[in-house]
Amino acid sequence: MEKHGPETYGELNADVYDEWHDIDPTDAVAFLAQLVEEGPAGPVLELAVGTGRVTIPLAAEGIDLRGVDASEAMVARMRAKPGGDRIPVTIGDMADVDPGTDDRFAMVFVVFSTFFFLMTQEEQVRCFANAARRLLPGGRFVLECPTPDVARYDRDQRVEAHQVGVDHVRLTTVRHDPVGQRFLGQHVLITNDGIRLAPAFMRYAWPSELDLMARLAGLESVGRWGGWRGEPFTGEGNYVTVYEKPATPAS
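Trainee: Before we move on, can you summarise the pairing of strand β5 (residues 135-146) with the specific residues and values?
Mentor: Looking along a regular strand, one sees side chains alternate from face to face of the sheet. For β5, a buried count of 11 out of 12 residues is recorded, marking the element as mostly surrounded by other parts of the structure. Handedness of the crossover joining strand β4 (residues 105-110) and β5 through helix α6 (residues 121-134): right-handed. Pairing of β5 with strand β11 (residues 238-244), which is carried by 7 bridges, proceeds in the antiparallel orientation. Each bridged residue has a counterpart across the sheet, and for C145 the counterpart in β11 is Y239.

Below, the structure is given as structure tokens:
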């Protein structure tokens with residue numbers, strides 16, 4: 001952990017990220033584009049743009065999109081894709097919500113499980129506060145997060161095989177820290193050429209904890225769904241939450 005920083009995950013996973021996380025962004029792009037259409041006029045900011053899985057197709061919808069990411073390696077992957085080089089990206093900590101401009105945004109969003117890569121509650125609270133500060137009145141802060149499933153961990157640890165082939169094995173190994181609300185994991189790729197390790201550390205938060213962070217930042221809950229298609233949230237799997245900055249300050 002002492003060598004872990006905001007850029008660690010991206011720097012060590014950039015070359016395999018798209019292969020290991022092959023997720024269709026179509027529903028996410030449609031959901032986010034609809035929110036932009038309904039909200040105030042202004043640019044949109046994605047935190048932790050990564051390799052542009054959502055960023056590039058959303059910008060292709062004609063949305064004025066900016067980005068922040070801690071990893072130069074991940075952003076280089078995005079810029080190598082068609083359309084990726086046209087999206088302004090600032091290298092920095094997503095908790096700062098600092099795109100290198102004084103702009104205010106119609107929407108700030110962070111997808112997949114990336115918000116939980118902020119490794120302390122203080123960093124997560126700071127991210128909410130900075131997002132709220134940069135939003136226009138009526139603007140939205142959108143998060144996609146996984147529901148913590150601590151029951152998966154036998155004696156607070158788990159090993160899972162993702163691929164098994166004649167010349168390779170890909171595993172994830174995770175230790176669960178219930179006090180710190182952390183998953184400390186490694187992607188492990190074993191091949192005839194050797195072993196590759198790619199760490200993935202997360203500090204999870206429960207939905208009610210996120211709602212409290214939002215309230216402290218002055219944001220109001222719009223809704224929570226079990227996916228980008230607006231499915232009911234059942235308390236399992238990934239979910240999408242939308243918070244809104246009130247058009248007028250609360251009295």
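Next comes the rest of the description.
Trainee: Go over the packing of aromatic side chains, please, and point to the residues and values.
Mentor: A full pass over the atoms with the stated rule returns 10 aromatic pairs. Relative to F128, the ring of F115 has its centre 5.6 Å away and its plane inclined at 90°; by these criteria the two rings are edge-to-face. With F115 in the loop between β4 and α6 and F128 in helix α6, this pair connects stretches of sequence that are 13 residues apart. Neither residue differs from the other here; F115 and F128 are each classed as buried. Among the aromatic side chains, those forming a connected cluster through ring pairs are F115, F116, F128, F141 and Y243.

Trainee: Which residues make up helix α3 (residues 26-38), and what values do they have?
Mentor: With 13 residues, α3 ought to run about 18 Å at 1.5 Å a step, and its terminal C-alpha atoms sit 19 Å apart, in line with that. Listing the buried residues of α3 in full gives A28, V29, F31, L32, A33, L35 and V36. Packed against the buried residues of α3 are β1 (44-47), α4 (55-59), β4, β5, β10 (220-225) and β11.

Trainee: How would you summarise unusual backbone geometry if you had to cite specific residues and measurements?
Mentor: Of note, R155 is a non-glycine position whose phi angle comes to about 55°, a positive value. One non-glycine residue with positive phi stands out, namely Q181, at about 55°. For Q181, the position within the fold is in the loop between β7 (168-177) and β8 (182-191).

Cut-offs applied
- Residues numbered from 1 in each chain as written.
- Predicted model: local features only at pLDDT ≥ 70, side-chain atom pairs only at ≥ 80, totals over all residues.
- Heavy atoms only, no water.
- Buried < 20%, exposed > 50% of the residue type's maximum accessible area, 1.4 Å probe, protein only.
- Helix = DSSP H or I, 4+ residues; strand = E, 2+ residues; numbered from the N terminus.
- Right-handed = clockwise from strand over helix to strand, strands pointing away.
- Pairing = 2+ DSSP bridges.
- Phe/Tyr/Trp six-rings, centres within 6.5 Å; stacked < 30°, edge-to-face > 60°.
- Expected span 1.5 Å × (residues − 1).
- Contact = heavy atoms within 4.5 Å.

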